[in-house]
Amino acid sequence: MAELTLLEAVNDCFHTELERDESVIVMGEDVGRAGGVFRATAGLRDRFGPDRCVDTPLAEAGILGTAVGLCMAGWRPVCEMQYDAFSYPCLDQLITHVGRYRWRTGGAMAFPLTIRMPYGGGVRAPELHDDSPETYYVHTPGVKVAIPSTAADAKGLLAAAIRDPDPVVVLEPKLHYRTLRGHVPEGEYVVPLGRARLAREGSDLTIVAYGSMVPLAERAADELAQEASVEVLDVRTLKPLDEEALLASAGKTGRVVIVQEAPRTCGYAAELAAILAEKAMLDLRGPVLRVTGYDVPYPYWQIEDAYMPSVARVLDAARKLLEF
Amino acid sequence: MAQVLPGERELRRVIGDGEEVPDGEVDGLEDTDLLELHRQLVLLRTYDERSVVYHRQGRIGTYAIFWNHEAMQVGSAYALADKDWIFPSYRESAIGLLRGMPASTILSWWRGHPAGWWNPADWNLGSICVPIGTHVPHAAGLAWGKRLHGEDTCAIVYFGDGATSEGAFHEGANFAGVMRAPLVLFCNNNGWAISTPVEAQTAADTLVDKAVGYGIPGVRVDGADVLAVYEATRGAVARARAGEGPTFIEAVTYRAAPHATADDPSAYIDLARVEEERRGECVGRFEGYLRRLGLLDDERAEAVRAEAADAMRAGIAAAEAEPPADVSLLFDRTFADPPASFAIELAELRRIREGERG
């Protein structure tokens with residue numbers, strides 16, 4: 001068991017998976033010579049060669065589109081989108097082909113590709129380096145979506161994505177790439193898709209979160225320790241969702257606050273709230289509350305802290321619900 | 001690296017006009033090849049003409065007509081080996097016929113029935129691409145992936161003049177160039193993207209000019225000349241197999257039929273030009289060539305047409321005999337391991353639908 005940063009855990013996963021399976025190929029902008037702008041793919045080109053860790057032209061739709069063809073030729077491509085908001089050109093391929101091609105072949109042909117990218121704000125970056133685009137991906141049929149919040153899950157979920165027979169999008173919280181450390185199992189390590197993680201047990205209120213919002217939820221739980229016993233549920237896989245874990249926690253506490261960094265309207269929190277409304281109505285002791293970003297472009301970084309869900313905003317929502 | 005020359009402006013032609021322009025010939029093509037090319041041209045022509053009729057009879061849905069595009073499809077596909085991959089747009093929907101795919105499969109596709117959706121690996125033939133140009137990167141990736149495996153397989157991707165305006169075309173062509181992917185980029189320039197003329201797509205003099213920007217050779221051929229198309233594609237395939245990377249082929253014709261059954265081109269097209277094009281259409285031109293060589297007579301032409309017509313009659317009968325698609329097909333093809341919610345939704349849907357019937 002090694003103590004690694006979240007970023008080191010991603011890199012460890014790549015070294016393990018490329019060694020394990022010769023059909024895995026890493027491709028993206030600056031992933032080879034530079035080892036990625038965050039160094040997530042460091043050392044791969046030297047170890048596995050330029051054909052297994054490929055510096056591609058600067059073309060996100062081209063990266064994902066050629067990855068579709070590589071799948072047809074028997075490869076398992078792992079595509080890096082350099083930043084969250086730079087991934088939008090690849091949505092064309094994702095929506096029109098990646099999520100549909102298996103279905104189009106009558107289920108006969110597999111498209112075992114992975115798309116991964118750093119996502120989220122709070123890093124004092126220029127415009128369009130801060131988005132939380134998970135809803136676009138989750139909403140696309142035929143695509144699975146995972147977001148780790150710990151170093152171990154960063155390794156295990158990425159390994160699961162690489163091994164999955166279907167397309168998987170993995171969003172990595174760049175805010176915690178180097179600021180969050182944790183124990184990471186050495187060698188092959190897989191965290192199955194579709195299973196949530198109970199980050200903290202409690203009995204009075206559940207905070208549901210994923211990615212960079214999980215540590216924030218845990219800080220909020222700490223602050224509330226004198227007032228209430230707070231459970232924190234880390235969704236980990238947004239699609240397929242571990243609905244059982246969500247309903248179990250809601251059933252236990254009867255109070256749910258959902259935290260998401262993305263803009264509010266039609267965000268993933270809205271989906272979770274709808275599921276709770278459909279299936280946990282009689283368990284709930286108050287309304288499901290959301291703490292989210294706002295329906296505005298991600299702001300200039302001088303005021304990004306006001307945009308991001310904060311511990312104070314989570315506390316405010318939790319106290320409203322506890323007093324309901 | 002080989003020097004890259006500007007794309008050719010002149011149209012390559014082999015077939016003459018039987019009068020002032022003499023016929024040429026293509027080295028290596030035997031009489032049996034010429035007759036096989038003819039059989040394939042007639043097969044596609046018959047498929048296309050019958051499909052328009054089937055649409056009018058309500059037996060298939062909206063259909064993208066490829067009348068007078070047959071020479072581009074037959075000539076280029078004939079230069080491929082069976083192991084090579086084809087990535088069609090909807091304009092090449094029936095190109096699988098040239099590899100022995102049953103007509104019923106393609107007719108089923110146009111009937112919106114799942115029997116029309118095949119496993120690409122069974123025919124080395126990608127799915128029919130509906131959004132414009134987005135399959136160009138797929139072909140580049142497949143070709144690149146085959147090269148990485150050390151195979152000498154190549155790929156061809158078909159797209160129209162309008163597709164050259166799309167970002168996906170650019171990204172795919174550029175990737176193919178950079179990765180030296182064994183790919184033939186085959187542009188069927190029929191002059192029109194629905195109602196938009198090629199002059200409104202680009203300020204370039206010719207589409208083949210674009211090849212220079214990708215560092216690859218470009219060839220311009222008469223798209224109604226099956227032999228010129230074959231010869232150009234054969235050269236591009238040889239280059240690809242030799243590890244020299246992609247080639248751009250611009251095959252030039254003029255769209256002499258509507259874009260699709262839902263289109264009425266009389267509002268925008270040059271009808272006099274259409275008439276001229278129809279007089280010089282590609283199947284008749286090749287038949288004239290064969291007759292001048294003494295390879296084709298009325299009896300043989302009629303026999304080839306009858307064989308194609310039989311294939312179409314059998315195809316539509318088989319397509320119409322397919323049982324209705326079960327609603328489980330909504331759910332069971334999207335993921336290798338469908339989420340638990342799919343089974344619940346299917347059960348609920350069945351319950352409600354059965355209730356409606358009762």
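Described in the following lines is the structure provided in the data block. Not measured: the values here are computed from a predicted model.

Description of the overall build of chain A
- When its secondary structure is counted, chain A shows twelve helices and 14 strands.
- Projected onto its principal axes, the C-alpha positions of chain A cover 60 × 40 × 40 Å.
- Out of the 324 residues belonging to chain A, those deemed buried represent 57%.

Section: the packing of helix α3 (residues 60-72) of chain A against helix α4 (residues 91-98) of chain A
All names here are of chain A.
- Relative to each other, α3 and α4 sit at 25°, their axes nearing to 8 Å. On the basis of the axis angle, α3 is roughly parallel to α4. Touching Ala 61, Leu 64, Gly 65 and Val 68 of α3 are Asp 92, Gln 93, Leu 94, His 97 and Val 98, all from α4.
- Among the residues making up the contact of α3 with α4, the classes are represented as five nonpolar, three polar and one charged.

Some remarks on the interface of chain A and chain B
- Counting from both sides, the interface comprises 34 residues of chain A and, opposite them, 33 residues of chain B.
- Where the side of chain A that touches chain B is concerned, the elements lending two or more residues are α3, α4 and α5 (101-104) of chain A.
- For the side of chain A that touches chain B, the element with the most residues is α3(A), which contributes nine residues.

Thoughts on the sheet that holds strand β6 (residues 218-222) of chain B
Residue and element names in this part refer to chain B.
- Here we have five strands laid out as an open sheet, ordered β1-β2-β3-β7-β6, and parallel in their pairing. Two strands bound the open sheet, and with one partner strand each, they are β1 (85-87) and β6. The sheet shows a mean angle of 20° between the axes of neighbouring strands, direction not considered.
- The pairing of β1 with strand β2 (residues 155-160) spans three bridges and is parallel. Looking across to β2, one finds that Trp 85 is bridged to Ala 155.

Regarding the pairing of strand β13 (residues 256-259) of chain A
All names here are of chain A.
- In β13, alternate side chains face the same way, and those of Val 256 and Ile 258 on one face and Val 257 and Val 259 on the other are all buried.
- Both strand β10 (residues 205-209) and β13 contribute to a ladder of three bridges, which runs parallel. Its bridge partner being in β13, Ile 207 is matched across the sheet by Val 257.
- Pairing between β13 and strand β14 (residues 289-291): three bridges, direction parallel. Across the sheet, the residue bridging to Val 257 is Leu 289, located in β14.
- Running through helix α10 (residues 268-279), the crossover from β13 to the neighbouring parallel element β14 is right-handed.

Quick notes on the nonpolar core
- Among the nonpolar cores identified, the biggest contains 196 residues, and Ile207(A), Ala217(A), Val257(A), Val157(B), Leu183(B) and Ile249(B) are the most heavily contacted of them.
- With near-sequence residues (within four places) excluded, Ile249(B) lies in contact with Val184(B), Leu185(B), Phe186(B), Cys187(B), Val219(B), Val221(B), Ala232(B), Thr233(B) and Ala236(B).

Thoughts on the sheet that holds β13(A)
Residues and elements named next belong to chain A.
- An order of β9-β11-β10-β13-β14 is seen for the five strands of this open sheet, with the pairing classed as mixed. The open sheet has two free edges, formed respectively by β9 (197-200) and β14, since each of these has just one partner strand. Neighbour-to-neighbour, the strand axes of the sheet open up by a mean angle of 25°, direction not taken into account.
- Against the sheet, α10 makes contact with β10, β13 and β14, and its axis sits at roughly 160° relative to β13, the strand it touches most.

Structural notes on the pairing of strand β7 (residues 168-173) of chain A
Residues and elements named next belong to chain A.
- Taking burial as the measure, the six residues of β7 include six buried ones, the bulk of the element.
- Side-chain alternation along β7 places Val 168, Val 170 and Glu 172 on one buried face and Val 169, Leu 171 and Pro 173 on a second face that is also buried.
- With six bridges joining them, strand β5 (residues 114-119) and β7 adopt parallel strand pairing. By the bridge assignment for β7, Thr 114 is matched with Val 168.
- Both strand β6 (residues 144-146) and β7 contribute to a ladder of three bridges, which runs parallel. When the sheet's bridge partners are listed, Lys 144 is paired in β7 with Val 168.
- Each parallel crossover has a hand, and for β6 linked through helix α7 (residues 151-163) to β7 it is right-handed.

Definitions and cut-offs
Residues numbered from 1 in each chain as written. Chains lettered and ligands numbered in written order. Predicted model: local features only at pLDDT ≥ 70, side-chain atom pairs only at ≥ 80, totals over all residues. Helix = DSSP H or I, 4+ residues; strand = E, 2+ residues; numbered from the N terminus. Buried ≥ 20, exposed ≤ 12 C-beta atoms within 10 Å, placed from the backbone. Axes fitted to C-alpha atoms, helices over the stretch in contact; angles between N-to-C directions. Parallel < 35°, antiparallel > 145°, perpendicular 65-115°, else oblique. Contact = placed C-beta atoms within 7 Å. Nonpolar A, V, L, I, M, F, W, Y, C, P; charged D, E, K, R; others polar. Pairing = 2+ DSSP bridges. Right-handed = clockwise from strand over helix to strand, strands pointing away. Core = buried A, V, L, I, M, F, W, Y, C linked by C-beta atoms within 7 Å.

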